[in-house]
Amino acid sequence: MTAAAGKGLEGVVASQTSLSFIDGLKGILVYRGYNIHELAPNVSFPESVFLLWNGRLPRRTELDEFESALAAQRALDPRTVEGLKGLPTETVPMSALRTGVSLEGVYDPDAEDNSLEANRRKAERLVARTPTIIAAIHRIRQGLEPLEPDPTLSLSADFVRMANGEPGTEEAVEALDRTLLLYLDHGFNASTFACRVIAATLGDMHSAVTGGVGALKGELHGGANARAMHTLLEIGDPDNVGLWLDRAFAEKRKIMGFGHRVYKTEDPRATHLREMSRVLTQQAGLEKFYEMSRKLEDRMISEKGINPNVDFYCATVYYALGIPIDLYTPLFAMGRMGGWTAHVMEQHADNRLIRPRAEYVGEMDLRWAPMDQR
Ligand code: COA
C-alpha cells in the first residue's frame, strides 16, 4: 500500500479540465484561455458563463439569446418558494440556499436525465434561479413576499431589485456583476471538487451543486468573505489594526480572507476587488474599511508573507454596496454556480468514478469478545 498524498491533497492533480487554469506562483487565472485581467473589465457575468460552457466568447446575437434564455428561466417552482417559507426564520442563508437548490432539483423536469442536453437545460435553470432563491430567502426572513423576476432586467440587476424591492444604481449592479465573474470558476477548489465527486457517481446535476453549496458554506472556503467583514467590523478603526493584529498573531488566529492553497503571490481576483473596494468604499463614505484592509494587508504580507485572497476585498465591496453580510457567501455561490454546472457537464461528458484510497492507520487483528467481557 502506497503512502497517502499530502494532507488536504495539497499539490495533487486529480484530473484534467479545460475550464480554468491557475498558476499559483505567478498569480495567473485563466478562463478557457482568457486571462482574468482580459475578462474582468470587459465581460459581463452571463458572457463569462457562456464562455465557460461553450469554450468561446459569444457573438452579439448569441449573447442576447443566451441572456433571454436565462431570463425566461428565472422564476422558481412555486413549491420551492413554499419550501423556503417553511424554514425556521433563523435558518442561515447558505443552509436555506442549499435547501432551495435541492428543492429545485426535486421539481426539475429533467431531474434524473444526465444527458448533455438535459444538463445544459438544468445548468441554465440553476444559474438563472440561484439569484431568485437568494432574493426570496432575504425577503421571506423579513416577513415579505418574494418578488417575481423581471425578465427585461439583466441577471444582476434583477437580483438587486428582487432582494431590495427597488432597482440598484447602474454602478452597483455592474460592481455586483463583476464580483460574480471573478467568483465564476477556480480549478478544483473544494466545492467544485465536491460537485465533481458527486457527478462522477452519475449523480444528477442538482445533487452535485447542492453538495457544492454545502462545501462552499465553510469559512475556510466561501464563508471567508463574510468572516472577513466581521473581522473588519471587530477592528473598527484603522488605528486599531496594529494592536488587533498583535493580539491575533499572539493567539495564532487565522485572519479570514488571507492565504490560499494554490496562490503563493497576489490572487489576481484580489487585484480587481481591491480597486473596486477603494472606489466603492469612498463613494459610500466607508473609506475607513478600505484603509483598515490596506493596513491589514501590508502587515500580513510583510510579517507573514500571506496575501489576501478573493474574499478579502470582496467583503468591503459588498459592504459598500449595502449587502447584508450573511448574503456574501450566497453571492459567491451565485457566481460559482456557473462554474459548478460547467464542471458537472465536463465530468459527465467523460466520466469515471472518483474513488481514491485511504491509508489505514488504525488497529488490526483485534478479536471479538462477548458483550459482558468488554
Ligand atoms: N491567517 C493567518 N495565518 C495563516 C492564514 C491566515 N488566513 N492562512 C494560512 N496561514 C498560515 C497557517 O497558520 C500556516 O502556518 P504554519 O505553517 O506556521 O502553521 C501556514 O500559513 C499554512 O497554512 P495552511 O492552513 O496549512 O494552508 P492551507 O493551504 O491548508 O489553507 C486556507 C489554505 C485558504 C484554508 C488558509 O489560508 C485559511 O484558512 N485562510 C483563511 C480562510 C480563507 O480566507 N479562506 C478563503 C480561501 S479563498
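Owing to the predicted nature of the structure, the values given are computational and were not obtained by experimental measurement. (Residues numbered from 1 in each chain as written. Predicted model: local features only at pLDDT ≥ 70, side-chain atom pairs only at ≥ 80, totals over all residues. Heavy atoms only, no water.)

Colleague: Looking at this model, I keep getting lost on the site of the ligand. Mind explaining?
Modeller: Near the ligand there are 17 residues, and of these Lys254, Ile255, Gly257, Phe258 and Arg261 occur at the shortest range. Across the shell around the ligand, the residue classes tally to seven nonpolar, five polar and five charged. (Near = heavy atom within 4 Å. Nonpolar A, V, L, I, M, F, W, Y, C, P; charged D, E, K, R; others polar.)

Colleague: Any chance you could explain the sheet that holds strand S3 (residues 34–35) here in plain terms?
Modeller: Hydrogen bonds along the backbone pair up the strands of a sheet, which may run parallel or antiparallel. Strand order in this open sheet of three strands is S1-S2-S3, and the pairing throughout is antiparallel. The open sheet has two edge strands, strand S1 (20–23) and S3, and neither has a second partner. As paired elements, S1 and strand S2 (residues 28–31) share four bridges and run antiparallel to each other. Opposite Asp23, over in S2, you have Ile28 as the bridge partner. (Pairing = 2+ DSSP bridges. Helix = DSSP H or I, 4+ residues; strand = E, 2+ residues; numbered from the N terminus.)

Colleague: In this structure, what is going on with the environment of Asp326? I would like to understand it.
Modeller: One can find Asp326 in the loop between helix H15 (310–320) and helix H16 (328–349). The class of Asp326 is partly exposed, set by a relative accessible area of 34%. Those residues in contact with Asp326, other than ones at most four positions away along the chain, are Pro93 and Arg141. Here the side chain of Asp326 touches Arg141 through a polar contact of 2.5 Å, side chain to side chain. (Buried < 20%, exposed > 50% of the residue type's maximum accessible area, 1.4 Å probe, protein only. Contact = heavy atoms within 4.5 Å. Polar contact = N/O pair within 3.5 Å; in protein donor to acceptor, adjacent residues only side chain to side chain.)

Colleague: Help me understand the packing of helix H9 (residues 190–200) against H16 in this model?
Modeller: Between two packed helices, the angle of one axis relative to the other and the distance separating the axes together describe the packing. For the pair H9 and H16, the least separation of the axes is 9 Å and the interaxial angle reads 35°. Every pair of crossing elements has a handedness; the one defined by H9 and H16 is right-handed. Judged by residue contacts, Ser191, Thr192, Cys195, Arg196, Ala199 and Ala200 of H9 engage Arg336, Trp340, His343, Val344, Glu346, Gln347 and His348 from H16. (Axes fitted to C-alpha atoms, helices over the stretch in contact; angles between N-to-C directions. Left-handed = near helix turned anticlockwise from the far one by under 90°.)

Colleague: Would you mind showing me how to read the side chain of His138 here?
Modeller: Considering the arrangement of structural elements, one finds His138 in helix H6 (residues 116–141). Those residues in contact with His138, other than ones at most four positions away along the chain, are Ala163, Pro324 and Leu327.

Colleague: I keep staring at helix H14 (residues 287–304) and nothing clicks. Help me out?
Modeller: An α-helix turns once every 3.6 residues. As a result, residues three or four positions apart point the same way. In this model, H14 (18 residues) spans 25 Å end to end at C-alpha, consistent with the 26 Å of a helix rising 1.5 Å per residue. Within H14, the full set of buried residues consists of Phe289, Tyr290, Met292, Ser293, Leu296, Glu297, Arg299 and Met300. Close packing links the buried residues of H14 with helix H11 (224–235), helix H12 (241–250), helix H13 (268–283) and H15. (Expected span 1.5 Å × (residues − 1).)

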